[in-house]
Amino acid sequence: MSLNLNSLEEVASAMVASGRGILAADESTGTIGSRLAQIDTESTFESRNAYRDLLFSADGMENYISGVIMYDETLRQSSLADGTPYPEFLAKKGVIPGIKVDAGAHDLSGSEGEKITYGLDGLDERLKEYRKMGARFAKWRAVIKISEDNPSGYCIGTNAHALARYAALCQANDIVPIVEPEILMDGTHDIDDSFVVTEEVLHTVFFELYSQGVNYSGMVLKPNMVLSGYDGDNRASIDEVANATLECFSRTVPVAVGGIAFLSGGQSDEDATAHLNKMNQLLGDNKPWNLSFSYGRALQQPALKAWRGKDENVSTAQAAFMKRAKLNSLATQGKYSEDME
Ligand code: 13P
């Protein structure tokens, strides 16, 4: 396989084609450091490269994975087997190389406890360099938290504006933007609160995307599912989550959008797969958008635990990664069932 994708629309469709989804392996140096600490492995340039190599070189991963989101350092690293730079290594397998371009969530001045995503300064130049290096899509994550008083309209509006600025710049540089407004599921809120906030955020984001001339067919939306807060009582069932999420999107996400690839957001691996599966079953053949995954933790956790930083565990870790990739691939087609776990 290799990549033969000639427009933003073709790249966006290929990213969410049925049976395939995106591996989010774009943890910043700080975040991957905490993940490696969990398995008692020191975070070095070499250990980070070895871990990403394990995922990218897993035999047959391209059957389930359409694209990989990398971090700046990873985009510049290379295959351990033959030194091929990762963008080329992945493209040769038919996997689309992507790059995280935001500079993280920082305190939003004038608001108590809310965040704004940084990274617009110099973004145009960085996108030009990344495109030359082979990146065909990018990611920008905005973070919204539900609490007694928040989110504020100010936080939603400024984050939506920045997401649209980023998306317009990506498209001007022939890069598909993944637009990720993540409503965190930390807290005690119920699924109705999650619904109301997700609806407001998506309306605001699409208003800004429209205002700034973003081509919906040449982008991918990376949303949260509509879930109960992790610390809430009487948490919603798989069916309730699937129904609420689809109802929310039917009100807010234009059918022209190239595709939807969910984040996992700290759900258990099994829940992330079951929710995606249920939504695809409910939509059946009558799909306004392809619903796929862009999971970080829900694809990687079992592999990370199996690896523990040791060469002798690489093939076990790859098998653990492939299992999640395959089950999520089935979920994009509504063909997963719990007894496959
Ligand atoms: P999770 O699936 O672990 O939430 O990560 C996805 C991601 O890329 C967050 O920006």
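Above this text is the structure in question.
Residues numbered from 1 in each chain as written. Predicted model: local features only at pLDDT ≥ 70, side-chain atom pairs only at ≥ 80, totals over all residues. Heavy atoms only, no water.

Draft legend 1. The overall build of the chain, seen in detail. In terms of helices and strands, the chain carries 12 helices and 10 strands. The C-alpha radius of gyration of the chain comes to 19 Å, within 12% of the 20 Å expected for a compact globule of 341 residues. Over its C-alpha atoms, taken along the principal directions, the chain stretches across nearly 50 × 50 × 40 Å. Counting only residues that meet the buried cut, the chain has 57% of its 341 residues in that class. In the chain, of all internal contacts separated by at least 6 residues, the share reaching a separation of at least 24 is 78%. Surface summary for the chain: the accessible area is close to 13700 Å², and the carbon and sulfur share equals 47%. (Helix = DSSP H or I, 4+ residues; strand = E, 2+ residues; numbered from the N terminus. Rg over C-alpha atoms; globule rule 2.2 N^0.38 Å. Buried < 20%, exposed > 50% of the residue type's maximum accessible area, 1.4 Å probe, protein only. Contact = heavy atoms within 4.5 Å. Areas by Shrake-Rupley, 256 points an atom, 1.4 Å probe, with all protein chains shown as cover.)

Draft legend 2. A look at the environment of Ile-116. Within the secondary structure, Ile-116 is located in strand β5 (residues 115-117). Residues Ile-116 and Val-143, spaced 27 residues apart in sequence, show a C-alpha to C-alpha distance of 7.2 Å. Among residues more than four places away in sequence, those in contact with Ile-116 are Gly-104, Ala-105, His-106, Asp-107, Leu-108, Thr-158 and Asn-159.

Draft legend 3. Quick peek at the pattern of salt bridges. Scanning the entire structure with this criterion turns up 19 salt bridges. Where Glu-73 meets Arg-48, a salt bridge forms, and the shortest distance between an N and an O atom there is 2.7 Å. One end of the pair, Glu-73, is in helix α4 (residues 72-75); the other, Arg-48, is in helix α3 (residues 45-56), and 25 residues separate them in sequence. Note on Glu-73: relative accessible area 16%, which makes it buried. Using a relative accessible area of 9% as the deciding quantity, one classes Arg-48 as buried. (Salt bridge = Lys/Arg side-chain N within 4 Å of Asp/Glu carboxyl O.)

Draft legend 4. Representation of the packing of α3 against helix α5 (residues 86-93) within the structure. The contact between α3 and α5 brings their axes to 12 Å, and the two run at 10°. Considering their axes alone, α3 and α5 lie roughly parallel with respect to each other. Where α3 abuts α5, its residues Asn-49, Arg-52, Asp-53 and Phe-56 lie against Tyr-86, Phe-89, Leu-90 and Lys-93. Of the residues belonging to the contact of α3 with α5, the class tally is 4 nonpolar, 1 polar and 3 charged. (Axes fitted to C-alpha atoms, helices over the stretch in contact; angles between N-to-C directions. Parallel < 35°, antiparallel > 145°, perpendicular 65-115°, else oblique. Nonpolar A, V, L, I, M, F, W, Y, C, P; charged D, E, K, R; others polar.)

Draft legend 5. Structural detail: the pairing of strand β2 (residues 65-70). Within β2, 6 of the 6 residues are buried, which leaves the element mostly enclosed by the surrounding structure. The sheet contact formed by strand β1 (residues 21-25) and β2 spans 5 bridges and is parallel. Across the sheet, Gly-21 pairs through a bridge with Ile-65, a residue of β2. Here β2 runs beside strand β3 (residues 96-100); their pairing, made up of 4 bridges, is parallel. The residue of β3 that forms the bridge with Gly-67 is Ile-96. (Pairing = 2+ DSSP bridges.)

Draft legend 6. Focus on unusual backbone geometry. Geometrically, the link from Asn-150 to Pro-151 is a cis peptide bond, its omega value of 10° lying close to zero. Mapped onto the fold, Pro-151 is located in the loop between β6 (137-144) and α7 (153-172). Of note in the backbone geometry, Asp-174 takes a positive phi value of approximately 60° without being a glycine. Mapped onto the secondary structure, Asp-174 falls in the loop between α7 and β7 (176-183). Positive phi outside glycine occurs at Asn-234, with the angle close to 45°.

Draft legend 7. Looking closely at the environment of Thr-44. In this fold, Thr-44 is placed in the loop between α2 (29-38) and α3. In the structure, Thr-44 is positioned 15 residues away from Thr-29 in sequence and 9.2 Å away in space, judged by C-alpha atoms.

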